[in-house]
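Summary of the model geometry
These are the residues of each chain, in order.
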Amino acid sequence: MPRIVLKLDELVLKEIPLDKPRLTIGRKPDNDLVIDDPAVSGHHALIFSQDGAFFIEDLGSTNGTFVNDGKIQKEMLKNSDRVAVGQHALMYQDEIPVPPSPPKAGESGKPKIVEPAMQKEPVKAVQGTRKTAAVGGKTTEKVGWLAVVLGETDQKEYELTGHLTVIGAEDTATVKLTGWFAPKNAALISRRGSAYFVSMPEGAKKITVNGEAVERQKQLQDEDIIVIAGVHLQFFLK
């Protein structure tokens, strides 16, 4: 039977068999799978059965739903797919064995031996791809960072390598606020491709970027100053 395995930092928290046609996911207690995560919306996503397969659909969540690191609206699930919901991961497992493809006419079913001369051209193509993707052995894509300008946090700089960064006083926060009155869930920064967005989780208070209040979410630009619960952070790319 297909199932979902809920993980946090590769630690298995729960296994849920998909024995019903629908499985709702979110922070609110009326969901089938309740995830206590500030980055998860009240009603975040839905897994449902359709035409003999299972699909996942985002329910207009604030921070989005990702399948194998790609943001989706609706996606058919395949065995071993990894679904990112906030800071948690859902592993889809369908252990139905796939029968091997029968050999084509004229083939004995034995593996084909590739002559060394036939292998040279694909290798050249791969090497050419690497050169265009990297310069001097380093990737050309810049990564976002946060530098603490004013306020109390557990570090002075943070590299934003994950697709979601939680800012607050909670133990699971990436950027941990350490002041006496620091809110548990103050802000979220999500990465979508090469772009970064700051947004407010449910129950959060005011966030400003360069002195302007963030209504729902705002895309960050190099050298933006973000003020969250009295802490001044500068966003930059390097």
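This is a predicted model, so every value here is computed, not measured.

**Some remarks on the overall build of the protein chain**
Broken down by element type, the protein chain carries one helix and 24 strands. The buried share of the protein chain, taken over its 238 residues, is 39%. In the protein chain, of all internal contacts separated by at least 6 residues, the share reaching a separation of at least 24 is 39%. If you sum the accessible surface of the protein chain, you get close to 14,600 Å²; carbon and sulfur atoms cover 53% of it.

**Here's the deal with the sheet that holds strand β24 (residues 231–237)**
Pairing is antiparallel in the open sheet, where six strands are placed in the order β15-β14-β24-β23-β20-β21. At either end of the open sheet lies a strand with only one pairing partner, and these are β15 (157–159) and β21 (212–213). Here strand β23 (residues 225–228) runs beside β24; their pairing, made up of four bridges, is antiparallel. For I228, the partnering residue across the bridge sits in β24 and is V231.

**Some thoughts on the sheet that holds strand β6 (residues 53–58)**
Here five strands make up an open sheet; going across it, the order is β4-β3-β5-β6-β9 and the pairing mixed. In this open sheet, the two edge strands, each paired with only one partner strand, are β4 (33–34) and β9 (74–76). Bridge count between strand β3 (residues 22–26) and strand β5 (residues 45–50): four bridges; the pairing is antiparallel. Of the residues in β5, the one forming a bridge with L23 is I47.

**Concerning the nonpolar core**
Counting residues in each nonpolar core, the largest one holds 27 residues, and the members touching the most others are L146, I167, I189 and I226. Here L146 is in contact with K156, E157, Y158, L160, I167, V175, I189, I226, L233, Q234, F235 and F236, once residues within four sequence places are set aside. Counting residues in each nonpolar core, the second largest holds 20 residues, with I16, I72, L77 and L90 among its members.

**Overview of the pairing of strand β10 (residues 82–85)**
Side chains on a regular strand alternate between the two faces of the sheet. Pairing of strand β7 (residues 65–67) with β10, which is carried by three bridges, proceeds in the antiparallel orientation. Bridging across to β10, T65 finds its partner in V85.

**Here we look at the environment of V209**
When you line up the elements, V209 lands in strand β20 (residues 207–209). You can call V209 buried: its relative accessible area is 1%. Spatially, the C-alpha atom of V209 lies 9.5 Å from that of Q234, the residues being 25 residues apart in sequence. For V209, the contacting residues outside a window of four places in its chain are V198, V214, K218, L220, D224, I225 and I226.

**What about the packing of aromatic side chains?**
Tallying each qualifying case throughout the model produces four aromatic pairs. A ring pair is formed by Y196 and F235, whose centres lie 5.4 Å apart and whose planes are at 55°; its orientation type is tilted. With Y196 in strand β19 (residues 195–199) and F235 in strand β24, the pair connects residues that are 39 residues apart, well separated along the chain. Grouping residues by exposure puts Y196 and F235 together as buried. Note that K74 overlies the ring of F55, its terminal NZ or CZ placed 5.3 Å from the centroid. Taking NZ or CZ as reference, K238 lies 4.0 Å from the ring centre of W145, over its face.

About the thresholds
- Residues numbered from 1 in each chain as written.
- Predicted model: local features only at pLDDT ≥ 70, side-chain atom pairs only at ≥ 80, totals over all residues.
- Heavy atoms only, no water.
- Helix = DSSP H or I, 4+ residues; strand = E, 2+ residues; numbered from the N terminus.
- Buried < 20%, exposed > 50% of the residue type's maximum accessible area, 1.4 Å probe, protein only.
- Contact = heavy atoms within 4.5 Å.
- Areas by Shrake-Rupley, 256 points an atom, 1.4 Å probe, with all protein chains shown as cover.
- Pairing = 2+ DSSP bridges.
- Core = buried A, V, L, I, M, F, W, Y, C linked by side-chain atoms within 4.5 Å.
- Phe/Tyr/Trp six-rings, centres within 6.5 Å; stacked < 30°, edge-to-face > 60°.
- Lys NZ or Arg CZ within 6 Å of the ring centre and 35° of its normal.

Note that every value here comes from positions in space, so none of it alone points to a role or purpose.
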